[in-house]
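# Fold and geometry: a report
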Amino acid sequence: MSQDSNANMIVCHECDLLQHADAVPRRGSLRCARCDAPLLRWASDKLDVPVALAVTAAVSFLIANIFPVMTLEFQALRMDATMVAAVWQLHAQGETLVGVLVLVTSVLAPAALIAGLLWLLLPLRLGFRAPGFAPLFRALMAISSWVMVEVLMLGVVVALVKLGHMASASAGIGLWAFGATMLLLTLLSSSLQGSVIWAYHEAVMRGRDGQADVDGKVVEVTS
Amino acid sequence: MNAAGDLTQSFPPESAASRGLTGCHACGQVVSVVEHDHCPRCGSAVHLRKPLSLTRCWAFLIAALILYVPANLLPIMETTSLGATQSNTIMSGIILLWNTGSWDLAVIVFVASMVVPLGKLLALVVLLISVQRKPLGAAPQLSRLYRLVELVGKWSMLDVYVVALLATLVRFDAFMSVHAGHGALAFGAVVVLTMLAAQSFDPRLMWDALQRRAQGRA
Ligand SMILES: [Zn+2]
Ligand SMILES: [Zn+2]
């Protein structure tokens with residue numbers, strides 16, 4: 001089968017039904033005709049939006065990791081917790097593997113996701129393909145399910161309540177920055193669909209080759 | 001690559017696999033596995049079905065089941081206060097939350113730490129049996145179950161984060177301190193293993209099995 005005849009076809013990743021890709025609804029998802037799995041979510045064809053969101057996410061995630069997410073005050077004592085400090089403390093208590101788990105899911109994976117997305121999208125916005133585009137893309141797709149910023153947010157809420165009984169616990173700037181990062185990643189999620197990233201890529205490459213104008217409909221399959 | 005041509009015969013006629021096609025798991029491109037073993041667009045390895053899906057899923061699932069025992073029996077957290085040490089397992093932590101009046105959070109933690117991991121393990125067993133023995137539900141229901149398993153998996157990490165934060169904040173030497181316990185490690189491992197099990201499971205196998213049974217009956 002030639003590349004062209006496959007162009008408007010999609011395969012459901014859950015039931016393997018080969019089907020024609022209809023227009024993606026602005027809200028919600030295009031769903032599989034047989035199993036109702038969400039296949040495609042609408043994404044803007046403008047690269048400006050995801051690039052701006054990713055830059056903002058990078059800044060807020062940096063703030064989230066510099067400032068404490070929580071502070072505990074007890075009489076004259078004061079304890080701050082950043083996520084890196086939490087990882088270090090787990091290591092100091094002999095639970096290094098738990099520390100690694102926290103480090104990967106709350107610091108490294110989100111950082112890699114945001115940095116990787118910027119590495120892919122920012123050069124595209126400027127009209128060229130970043131070095132290592134395809135390998136980095138595959139790594140990003142593999143990482144994305146291990147980003148747990150939203151779970152961490154809930155964890156802080158539980159910790160605040162648990163500590164509220166014995167001392168004055170308060171949320172720090174880091175927590176609000178984590179919240180902002182979570183929100184930005186949610187807004188970015190439609191641009192984080194594998195097919196959307198490649199649609200951006202193809203639109204830019206086509207535009208650069210001067211063969212066709214970018215008509216810019218990003219209509220593709222989620223992975 | 002010739003083998004792929006014969007292989008496609010065993011798939012249901014509606015499936016992309018029966019035409020030697022598959023959707024790239026990373027970028028969604030429709031790829032012919034007869035012509036390619038890597039996606040021509042993004043370079044991911046392409047397969048008609050995830051390799052060793054059921055074996056890998058069972059392996060992760062059994063490992064998770066085994067670790068589920070220490071995850072619930074070992075303390076995830078030890079609180080030392082004025083020389084007295086109190087150990088908390090996941091369940092006793094939930095009961096403590098309930099007794100101190102935070103019943104709403106107790107319910108949230110109970111769902112994230114008890115209902116979700118156990119539900120996930122059960123759901124994966126149901127899905128595996130549905131593929132390998134006989135369907136334990138209609139295909140759309142099983143599909144929805146699989147989607148739910150994928151969706152809720154990571155929320156079980158909640159308790160691990162809570163322990164990490166408490167251990168970092170509560171360090172008032174002799175007066176009071178919190179230490180992470182080995183239960184946290186076992187519990188974190190259960191979460192990771194069930195996530196890996198869910199990622200290994202190929203939902204397309206359910207539809208293959210259902211189609212095969214329907215054909216067998218006709
Ligand atoms: Zn489907
Ligand atoms: Zn691909």
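Residues numbered from 1 in each chain as written. Chains lettered and ligands numbered in written order. Predicted model: local features only at pLDDT ≥ 70, side-chain atom pairs only at ≥ 80, totals over all residues. Heavy atoms only, no water.

## Brief notes about the interface of chain B and chain A
Facing 65 residues of chain B, the contacting portion of chain A comprises 69 residues. Between chain B and chain A the total buried area reaches about 5,900 Å² when both faces are included, carbon and sulfur atoms providing 70% of it. Considering only the side of chain B, the residues that lose the most area to chain A are Arg41, Tyr161 and Leu169 of chain B, jointly responsible for 12% of the buried surface there. There are 4 salt bridges connecting chain B and chain A. Run the count over chain B and chain A and you get 17 residue pairs in polar contact (both at pLDDT 80 or more). In terms of residue count, the dominant contributor to the side of chain B that touches chain A is helix H6 (residues 158-169) of chain B (10 residues). (Contact = heavy atoms within 4.5 Å. Buried area = accessible area lost by both parts, 1.4 Å probe. Salt bridge = Lys/Arg side-chain N within 4 Å of Asp/Glu carboxyl O. Polar contact = N/O pair within 3.5 Å; in protein donor to acceptor, adjacent residues only side chain to side chain. Helix = DSSP H or I, 4+ residues; strand = E, 2+ residues; numbered from the N terminus.)

## Section: the coordination of the zinc ion (ligand 1)
Residue and element names in this part refer to chain A. Coordination of the zinc ion (ligand 1) by the protein involves Cys12 (SG), Cys15 (SG), Cys32 (SG) and Cys35 (SG), with metal-donor separations of 2.2 to 2.4 Å. Around the zinc ion (ligand 1), the 4 donor atoms sit at angles spanning 102 to 114°, and that spread fits a shape best called tetrahedral. Counting the intervening residues between successive donors of the zinc ion (ligand 1) yields the motif C-x2-C-x16-C-x2-C. Of the two residues, cysteine 12 is situated in the loop between strand S1 (9-11) and strand S2 (18-20) and cysteine 32 in the loop between strand S3 (29-31) and strand S4 (38-41); the sequence distance between them amounts to 20 residues. (Donors = N, O, S within 2.8 Å, 3.2 Å for Na, K, Ca; no water. Tetrahedral: all angles 85-135°; square planar, octahedral: opposite > 155°, others 65-115°.)

## Observations regarding the domain arrangement of chain B
Residue and element names in this part refer to chain B. Partitioning chain B into domains gives domain 1 (1-48) and domain 2 (50-217). Of note, the centres of domain 1 and domain 2, computed from C-alpha atoms alone, are 33 Å apart. It is Pro12, His47 and Leu48 that lose the most area in domain 1 upon contact with domain 2, and together they represent 56% of the buried surface on that side. Summed over the shared surface of domain 1 and domain 2, the number is 0 salt bridges. Its residues assigned to classes, the side of domain 1 that touches domain 2 comprises 4 nonpolar, 3 polar and 1 charged. (Domains from an automatic or database assignment. Nonpolar A, V, L, I, M, F, W, Y, C, P; charged D, E, K, R; others polar.)

## Quick look at the coordination of the zinc ion (ligand 2)
Residue and element names in this part refer to chain B. Protein coordination at the zinc ion (ligand 2) comes from Cys24 (SG), Cys27 (SG), Cys39 (SG) and Cys42 (SG), with a distance range of 2.2 to 2.4 Å. The site at the zinc ion (ligand 2) holds 4 donor atoms, and with the angles between them running 102 to 114°, its shape is tetrahedral. Counting the intervening residues between successive donors of the zinc ion (ligand 2) yields the motif C-x2-C-x11-C-x2-C. Pair noted here: cysteine 27 is in the loop between strand S1 (21-23) and strand S2 (30-32) and cysteine 39 is in the loop between S2 and helix H2 (53-73), with a separation of 12 residues, a long-range link. Neither cysteine 27 nor cysteine 39 differs from the other in exposure class; each is buried. (Buried < 20%, exposed > 50% of the residue type's maximum accessible area, 1.4 Å probe, protein only.)

## Digging into the nonpolar core
By size, the foremost hydrophobic cluster in this structure holds 137 residues, and its most contacted members are Met83, Phe137 and Phe178 of chain A together with Phe201 of chain B. Ranked by residues supplied to this core, first place goes to helix H4 (residues 96-125) of chain A with 12 residues. In this structure methionine 83 of chain A touches Asn65, Val69, Val102, Ser106, Val107, Leu152 and Phe178 of chain A together with Tyr161 and Leu165 of chain B, once residues within four positions along its chain are discounted. Within the second largest apolar cluster, 6 residues are counted, among which are Met9 and Leu18 of chain A together with Ala16 and Leu21 of chain B. (Core = buried A, V, L, I, M, F, W, Y, C linked by side-chain atoms within 4.5 Å.)

## Some words on the packing of helix H6 (residues 149-164) of chain A against H6 of chain B
With their axes 8 Å apart at the nearest point, H6 of chain A and H6 of chain B run at an angle of 50° to one another. One way to sum up the angle between H6 of chain A and H6 of chain B is to call them oblique. Between H6 of chain A and H6 of chain B lies a crossing whose hand is right-handed. Counted together, Val151, Leu152, Leu154, Gly155, Val156, Val158, Ala159, Lys162 and Leu163 of chain A of H6 of chain A and Leu158, Tyr161, Val162, Leu165, Leu166 and Leu169 of chain B of H6 of chain B form the full contact between these two elements. Across the contact of H6 of chain A with H6 of chain B, the residue classes break down as 13 nonpolar, 1 polar and 1 charged. (Axes fitted to C-alpha atoms, helices over the stretch in contact; angles between N-to-C directions. Parallel < 35°, antiparallel > 145°, perpendicular 65-115°, else oblique. Left-handed = near helix turned anticlockwise from the far one by under 90°.)

## Points about the environment of valine 109 of chain B
Following the sequence through the fold, valine 109 of chain B ends up in helix H4 (residues 103-132). Remark: the alpha-carbon pair of valine 109 of chain B and glycine 188 of chain B, spanning 79 residues in sequence, is separated by 15 Å. If sequence neighbours within four positions are ignored, valine 109 of chain B has contacts with Val158 of chain A together with Ile94, Leu97, Met114, Leu158 and Asp159 of chain B.

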